[in-house]
Amino acid sequence: MTSAAVSNPTLFFNGGILQGEGVEHATRRIKDLDNVFQDTKVFGKTDPETLVYEVSSFLPVAEGTPGGLYFGLTHIHPGKVGNEYFMTKGHFHALIDRAEYYWGIKGEGVLILMNENREVWAERMFPGSLHFIPGRVAHRVANTGSQLLSFGASWPADAGHNYEEIRKNGFARRLIDKNGIPTLI
Ligand code: M6P
Ligand code: ZN
């Protein structure tokens, strides 16, 4: 059903896959996640090609455009390195005061948050959960379930990513599997 005034949307995330013109796909494998997991011994023995997460993004304007809005869909595979769950690299925004929304679509996870004083807290993520991430707060998501974890994200086009801080100093706390229970230590 279309008319001159009512058209079909140009973007879809049916079946968890973001489709449409201008959508970009990125993969993060073990080999891309140096300095993310604590157990370097197990990390070193893990197949470097193991797929940890995938991100599709719709970036309609150039990075840095004030007022622009980005959309991303992230899928984290189930798995662990030692007792630590597969998770995203995590970042502060380059323009540190920029905020972001995350929301759970599929599977179970935990959103780990850390402010500039290195205080860490975490929120459970599940289908229908909505997370407002204020500016000045680093964010990372771990898949704590045995299925794929999918979540949506929307952030300002001028936010950028500051990975360096997390790469160097990490998060002050880690989420590990302690006797089957996701625990912040
Ligand atoms: C979300 C957004 C993206 C981010 C992605 C993966 O989709 O926050 O900006 O790139 O998650 O997270 P990270 O960049 O920390 O690996
Ligand atoms: Zn972000």
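The rules behind the values
- Every chain begins its residue count from 1, and numbering advances along the sequence as written.
- By the order in which they are written, chains take letters starting at A while ligands take numbers starting at 1.
- Only residues with pLDDT of at least 70 get local features here, since the model is predicted, and only at 80 or more are side-chain atom pairs given and counted; chain-wide, interface and lining totals rely on the full set of residues.
- Hydrogens and waters are ignored; side-chain quantities use all the structure's heavy atoms.
- UniProt positions are given in the numbering used here, feature names are shortened, and annotations may be inferred rather than shown by experiment.
- Elements are defined by DSSP. Helices are runs of H or I of four residues or more, strands are runs of E of two residues or more, and each kind is numbered from the N terminus.
- The cutoff for a nearby residue is simple: one of its non-hydrogen atoms must lie within 4 Å of the molecule or strand.
- Polar contact is the term for a pair of N or O atoms within 3.5 Å; when the atoms are in protein, one must be able to donate a hydrogen and the other to accept it, and sequence-neighboring residues count only if both atoms are side-chain atoms.
- Using the Shrake-Rupley algorithm and a 1.4 Å probe, accessible areas are obtained, with residue cover drawn only from the displayed protein chains.
- Should DSSP find at least two bridges between two strands, the strands are taken to pair.
- Axis angles are defined between N-to-C directions and span 0 to 180 degrees, where every axis is a line fitted to C-alpha atoms and, for a helix, only to the segment in contact.
- In this description, contact between two residues means that some pair of their heavy atoms is separated by no more than 4.5 Å.

A.B. asks: Explain the UniProt feature "domain: Glucose-6-phosphate isomerase prokaryote" (unreviewed entry) in the protein chain to me, please; I cannot follow it from the model alone.
C.D. replies: If you check UniProt for "domain: Glucose-6-phosphate isomerase prokaryote" (unreviewed entry), the listed places come out as residues 28–179 in our numbering. In residues 28–179, helix accounts for 8% and strand for 43%; the two terminal C-alpha atoms are 27 Å from one another.

A.B. asks: Help me understand the site of ligand 1, please; the structure alone is not making it clear to me.
C.D. replies: Around ligand 1, the structure places 13 residues, and the nearest of them are Tyr 53, Glu 100, Tyr 102, His 161 and Tyr 163. In the model, an oxygen atom of ligand 1 is placed 2.9 Å from a nitrogen or oxygen of the Gly 90 main chain. Summarising the interface, the protein chains cover 95% of the accessible area of ligand 1, which totals 370 Å² for the free molecule. At the level of secondary structure, the elements contributing two or more residues to the shell around ligand 1 comprise β2 (51–58), β6 (100–106) and β11 (149–156).

A.B. asks: Can you help me understand the sheet that holds strand β10 (residues 137–143) in this one?
C.D. replies: Two pairing modes exist for strands in a sheet, parallel and antiparallel, and in both the strands are linked by backbone hydrogen bonds. What the three strands build is an open sheet, ordered β8-β7-β10; its pairing is antiparallel. The open sheet has two edge strands with one neighbour each: β8 (120–125) and β10. Neighbour-to-neighbour, the strand axes of the sheet open up by a mean angle of 20°, direction not taken into account. Here strand β7 (residues 109–115) runs beside β8; their pairing, made up of six bridges, is antiparallel. Bridging from a neighbouring strand, Val 110 pairs with Arg 124 of β8.

A.B. asks: Mind showing me how you'd approach the side chain of His 91 here?
C.D. replies: Mapped onto the fold, His 91 is located in the loop between β5 (84–85) and β6. Side chain to side chain, His 91 and His 139 meet in a polar contact 2.9 Å long. Ignoring any residue separated from it by four or fewer positions in sequence, one finds His 91 in contact with Glu 100, Tyr 102, Val 137, Ala 138, His 139, His 161, Asn 162, Tyr 163 and Ile 166.

A.B. asks: Would you take a moment to explain the pairing of β2 for this structure?
C.D. replies: Across a regular strand the side chains alternate sides, sitting on one face of the sheet and then on the other. Where strand β1 (residues 23–29) meets β2, seven bridges bridge the pair, whose relative direction is antiparallel. Counted as the bridge partner of Ala 26 is Val 55 from β2. Relative to strand β3 (residues 69–76), β2 is paired through six bridges, and the arrangement is antiparallel. From the neighbouring strand, Val 55 faces β3, where its bridge partner is Thr 74.

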